[in-house]
Amino acid sequence: GAGTIGLTIAATDHVDFIVRTSVSRKPEGYSGFTSNPDFIKFNGEQLWSNELGIQFTSDDERMSGSLVAFFNQTDDYQFERTVPFSTDFVVVNAEKVSANGVEGKWVLNPAQGLFFDFQAGYVNAEFDKHRNSLGMDLSGNHVPFIPEYTVRTGVRFELENGFFGSSSYTAYGKTYYDEQNQEGFAQSDFGIWDAQVGYRRENFSVSVYGRNLAKENYYQFINPEIQAGSPGAPQRFGLRLDFIY
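Residues numbered from 1 in each chain as written. Predicted model: local features only at pLDDT ≥ 70, side-chain atom pairs only at ≥ 80, totals over all residues. Heavy atoms only, no water.

1. Some words on the layout of surface pockets
Reported here for the largest pocket is a volume of approximately 280 Å³. In terms of lining residues, the largest pocket is bounded by 22 residues, among which Thr82, Asp178, Glu179, Gln180 and Glu225 are the most central. Those elements giving two or more residues to the lining of the largest pocket turn out to be β6 (63-82) and β15 (219-223). Top element by residues in the lining of the largest pocket is β6. It accounts for four residues. (1 Å grid on protein atoms, 1.4 Å probe; cavity = no way out; pocket = protein on both sides within 12 Å on 5 of 7 lines; lining within 4 Å. Points joined across faces, edges and corners; volume = space filled by probe spheres on them. Helix = DSSP H or I, 4+ residues; strand = E, 2+ residues; numbered from the N terminus.)

So this is what it looks like as structure tokens:
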């Protein structure tokens, strides 16, 4: 279940202040990748989220943006981890977790059919109170699977004759994949560059795209128990056709 209360205050015709608070609950459940009775069941999660921010639009509506600070408190935080000395993978609970940060977005439309955008976010997600399966106190450690920051910048064009294209670069901050925050099981900062060009008519479009054009090597998951990881998607190219009837 979930509930939200919010308030939007119009400071001017083009500037709004936002205040929002919400509570939500994720149900308890059972992990499907273990037969160990000590790790099968996990408890429900309770989240209290608060946001304070501002959003704006220029007089000519060619520029818009927002800046939001958030403060989240979670009891019985659910996250995935490996089981020591096994290949099992389970969902467990951390007693208390806090996640505080800021998110910003900026969009610019300087000419007809041309758009620039920039998005950035920073989060400090920590265990306020948590012990791992071996009884170690991990309070103050970073929560695994959450990058410290994300930054995205991109450009997009749409011409009246039907041609379009876009290019974007997304950077991810350091990400830990274990509760102990061991450096050997962490992914350092990395970035992905994507691009596409195409042609669109009323009932179809065709485009050529490229992903991870800079051939960035990174891990999207690391398993400390078997000391192995799943590599991220490599450089690739493709052709896409869309039809509308």
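2. Things to note about the sheet that holds strand β1 (residues 2-10)
Pairing within the open sheet is antiparallel, and its eleven strands lie in the order β1-β2-β5-β6-β7-β8-β9-β10-β13-β14-β17. Lying at the two open borders of the sheet, with one neighbouring strand each, are β1 and β17 (236-243). The sheet shows a mean angle of 15° between the axes of neighbouring strands, direction not considered. (Pairing = 2+ DSSP bridges. Axes fitted to C-alpha atoms, helices over the stretch in contact; angles between N-to-C directions.)

3. Quick word on the nonpolar core
Among the nonpolar cores identified, the biggest contains 14 residues, and Tyr77, Phe79, Ala94, Val97, Phe127 and Val143 are the most heavily contacted of them. Elements that contribute at least two residues to this core include exactly β6, β7 (89-111) and β8 (114-129). When residues of this core are assigned to their parent elements, the largest contribution, five residues, is made by β7. Apart from residues no more than four positions distant in its own chain, Ala94 is found in contact with Asp75, Asp76, Tyr77, Phe79, Phe127, Lys129 and His130. (Core = buried A, V, L, I, M, F, W, Y, C linked by side-chain atoms within 4.5 Å. Buried < 20%, exposed > 50% of the residue type's maximum accessible area, 1.4 Å probe, protein only. Contact = heavy atoms within 4.5 Å.)

4. Considering the environment of Gly113
Relative to the helices and strands, Gly113 is located in the loop between β7 and β8. Judged by relative accessible area, which is 9%, Gly113 ranks as buried. It is 43 Å that separates the C-alpha atoms of Gly113 and Gln78, two residues lying 35 residues apart in sequence. For Gly113, the residues in contact, after removing those within four places along its chain, are Arg156, Phe157 and Glu158.

5. Quick word on the side chain of Thr34
Tracing the chain through its elements places Thr34 in the loop between β3 (29-30) and β4 (41-42). At 3.1 Å, the side chain of Thr34 and the backbone nitrogen of Asn36 are in polar contact. Here the side chain of Thr34 touches Asp88 through a polar contact of 2.7 Å, side chain to side chain. Apart from the residues lying within four places of it in its own chain, the contact partners of Thr34 are Phe39, Ile40, Asp88 and Val90. (Polar contact = N/O pair within 3.5 Å; in protein donor to acceptor, adjacent residues only side chain to side chain.)

6. Notes on the side chain of Gln78
Turning to its location among the elements, Gln78 is positioned in strand β6. Discounting chain neighbours no more than four positions away, the residues touching Gln78 are Lys26, Pro27, Phe42, Asn43, Gly44, Glu45, Val91, Val92 and Asn93.

7. With respect to the pairing of strand β14 (residues 204-211)
With six bridges joining them, strand β13 (residues 190-200) and β14 adopt antiparallel strand pairing. Bridging across to β14, Ala195 finds its partner in Gly210. Hairpin connection between β13 and β14: a loop of three residues separates the two successive antiparallel strands. Relative to β17, β14 runs antiparallel, the two being bridged by eight bridges. Along β17, the bridge assignment pairs Val208 with Leu239.

8. Notes on the packing of aromatic side chains
If you walk through the whole model with that rule in mind, you get ten aromatic pairs. Here Phe79 and Phe127 contribute two aromatic rings whose centre-to-centre distance is 5.6 Å and whose plane-to-plane angle is 50°, an arrangement assigned as tilted. Residue Phe79 is found in strand β6, and its partner Phe127 is found in strand β8; the two are separated by 48 residues along the sequence. Neither Phe79 nor Phe127 differs from the other in exposure class; each is buried. An aromatic cluster of at least three residues, connected via ring pairs, comprises Phe89, Phe145, Tyr177 and Phe221. (Phe/Tyr/Trp six-rings, centres within 6.5 Å; stacked < 30°, edge-to-face > 60°.)

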